[in-house]
Amino acid sequence: MPVWKASPRLARETVKWSGMLDLAFVRANLSLVEEKLRSRGLDASAILADFTRLDTGRREAITQAETLKAQRNKLSEEVATLKRSGADATAPMEQTRALKEQMESLEAAANAADASLRALFEGIPNLPHDDVPIGRSADNNVEIKKWGSIPSFDFPAKPHWELGEELGILDFNRAAKISGARFVVHYGQGARLERALANFMLDLHTIQHGYTEVLPPFMVNSRSLFGTGQLPTKFAEDLFHCDDKGPYQTGVYQESDHWLIPTAEVPVTNLFRDETLDESELPISFCAWTPCFRGEAGSYGKDVRGMIRQHQFQKVELVKFAHPGSSYEDHETLTRNAETVLEQLGLPYRRMLLCTGDMGFGSAKTYDLEVWLPGQGLYREISSCSNYESFQARRANIRFKPVGSKKSEFLHTLNGSGLAVGRTYLAILENYQQKDGSIRIPDVLVPYMHGETAITRHMVRG
């Protein structure tokens, strides 16, 4: 797997129209697109109700405008010939002006239809890959594999929030005092464990898996969020928007406004927005550690205890820019890279193939990795590894130029958590808890913990 290096050979290319789905594909395969959307549990007839009318109207207006343009050009030549000969050119000049007005009207109609088509396409999710099982909810997801042995204890297993508070390494009350609900303060060995996990993951992915580490900004503009599919409106309520440039206006994608990132997927994927890469550079593999910020607007009343759903958490993200012909092989590789973290930490997990109704908005195929939490007696998602195919690349206009070809193509983007640091942290607390209340540190983390082999009681002042 090649390590990407910054190159001055990146070229910029502007496209006239690029929908989130390919316009020509939707036009030629409307029944298939409707079937794929229905498999997601959506009302395809309602979503695409205006598509044929808008598409036909747009194409007819463009065709008529081009026809009138040819007529106008011919009349302009006639006017020039008459003027050179001294003849009266009034009649053809009037015709030329009339044609110009008709052209402007047709162009306005085409632009209006184009804007309506764009708005329609912005709200259409990606089409599921044929391998994705059809289903309505997480109950229809398919287990692909399990790894590791579920730990057994000769004492009642505790959840991480009890373990952390008793050890003095997690403080939810003071976090609530200074920031509100869904925050936590880490102390002592707990804070070190969080840092150790991030460093371990970054070292594993860069040294063994061949990713290039990148440290992106933790704030992005709305154009970036549109590129990865969080905007226009579907996920806006789960994002934290900064008001330094005024309130967010739906459908307006600025380059100078600011949002806190929900995941490093957003800034890292947008590194190549509006650029064309060389085919020889693919796949490009990046990993990034960042804090992440989410409103959890749709999770009221869910997971109110502990660290499962936090407004702020840390994550190591894996992002790949892949050739369309090999992106599903790259998807398997990326997922295995994330699984390797769990295996080296000795954490039992399972890989789930998400059904059509449980996938994210932009994904064509997604695997969820779920880690076993003995303190809660269940598996919880710790990584979501997705192939977006060309969905994000179309939104962000990220292309590659095949060798020997003059025409560029949209590449495929992939990403996944490698892993969510906070959830890995709590999985270690629950899986490595000891009878005396201490936490045994996994062997691979001992060097990152300055040789410490266990987390014991930490006294907090006050």
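This text gives an overview of the structure that appears in the document. (Residues numbered from 1 in each chain as written. Predicted model: local features only at pLDDT ≥ 70, side-chain atom pairs only at ≥ 80, totals over all residues. Heavy atoms only, no water.)

Below, the discussion takes up the overall build of the protein chain. Along its length, the protein chain carries 13 helices and 19 strands. C-alpha extents for the protein chain along the principal axes are approximately 105 × 45 × 40 Å. Classification of the 462 residues of the protein chain by burial places 51% in the buried group. Residue pairs in contact within the protein chain that sit at least 24 positions apart in sequence constitute 75% of those at least 6 positions apart. Working note: accessible area of the protein chain is about 21,500 Å², and carbon and sulfur atoms make up 49% of it. (Helix = DSSP H or I, 4+ residues; strand = E, 2+ residues; numbered from the N terminus. Buried < 20%, exposed > 50% of the residue type's maximum accessible area, 1.4 Å probe, protein only. Contact = heavy atoms within 4.5 Å. Areas by Shrake-Rupley, 256 points an atom, 1.4 Å probe, with all protein chains shown as cover.)

Looking now at the sheet that holds strand 12 (residues 349-353). The mixed open sheet is built from eight strands, whose spatial order is 2-12-13-14-17-11-10-5. Two strands in the sheet have a free side with no partner beyond their single neighbour: strand 2 (142-147) and strand 5 (212-213). Relative to strand 17 (residues 412-420), strand 11 (residues 312-322) is paired through seven bridges, and the arrangement is antiparallel. Considered in strand 17, the bridge of K315 is made with A420. Packing against the sheet, helix 11 (residues 327-345) makes contact with strand 2, strand 11, strand 12, strand 13 (365-373), strand 14 (378-387) and strand 17, and its axis sits at approximately 5° to strand 17. Together, strand 11, strand 13, strand 14 and strand 17 form the strand contacts of helix 13 (residues 421-431), whose direction differs from that of strand 17 by roughly 35°. (Pairing = 2+ DSSP bridges. Axes fitted to C-alpha atoms, helices over the stretch in contact; angles between N-to-C directions.)

So, on to unusual backbone geometry. Note: most residues except glycine have negative phi, and most peptide bonds are trans. Cis geometry is adopted by the peptide bond preceding P283, which originates at L282 and carries an omega value of -5°. Mapped onto the secondary structure, P283 falls in the loop between strand 9 (275-278) and strand 10 (284-293). Residue L419 follows G418 across a cis peptide bond; omega there is 20°. Structurally, the position occupied by L419 is in strand 17. The phi dihedral of E389 is positive, around 50°, even though this residue is not glycine. If you trace the backbone, E389 turns up in the loop between strand 14 and helix 12 (391-396).

The subject of this paragraph is the environment of K320. Relative to the helices and strands, K320 resides in strand 11. Placed 54 residues apart in sequence, K320 and V266 show a C-alpha to C-alpha distance of 12 Å. A distance of 2.7 Å separates the side chain of K320 from the side chain of S285, its partner in a polar contact. (Polar contact = N/O pair within 3.5 Å; in protein donor to acceptor, adjacent residues only side chain to side chain.)

Turning our attention to the packing of aromatic side chains. The final tally for this structure, using the stated rule, is eleven aromatic pairs. On the basis of an interplanar angle of 20° and a centroid distance of 5.8 Å, the ring pair of W147 and Y349 is categorised as stacked. Taken together, the positions of W147 in strand 2 and Y349 in strand 12 put the pair 202 residues apart, joining distant regions of the chain. Of the residues examined, W147 reaches a relative accessible area of 28% and is grouped as partly exposed. A ring pair is formed by F286 and F321, whose centres lie 6.2 Å apart and whose planes are at 80°; its orientation type is edge-to-face. Taken together, the residues span a long stretch of sequence, with F286 in strand 10 and F321 in strand 11 at a distance of 35 residues. For the pair F286 and F321, one class covers both residues: buried. One aromatic cluster is present, built from ring pairs that chain together F272, F286 and F321. (Phe/Tyr/Trp six-rings, centres within 6.5 Å; stacked < 30°, edge-to-face > 60°.)

Most of helix 13 is tucked away: eleven of the eleven residues are buried. All buried positions along helix 13 are accounted for by V421, G422, R423, T424, Y425, L426, A427, I428, L429, E430 and N431.

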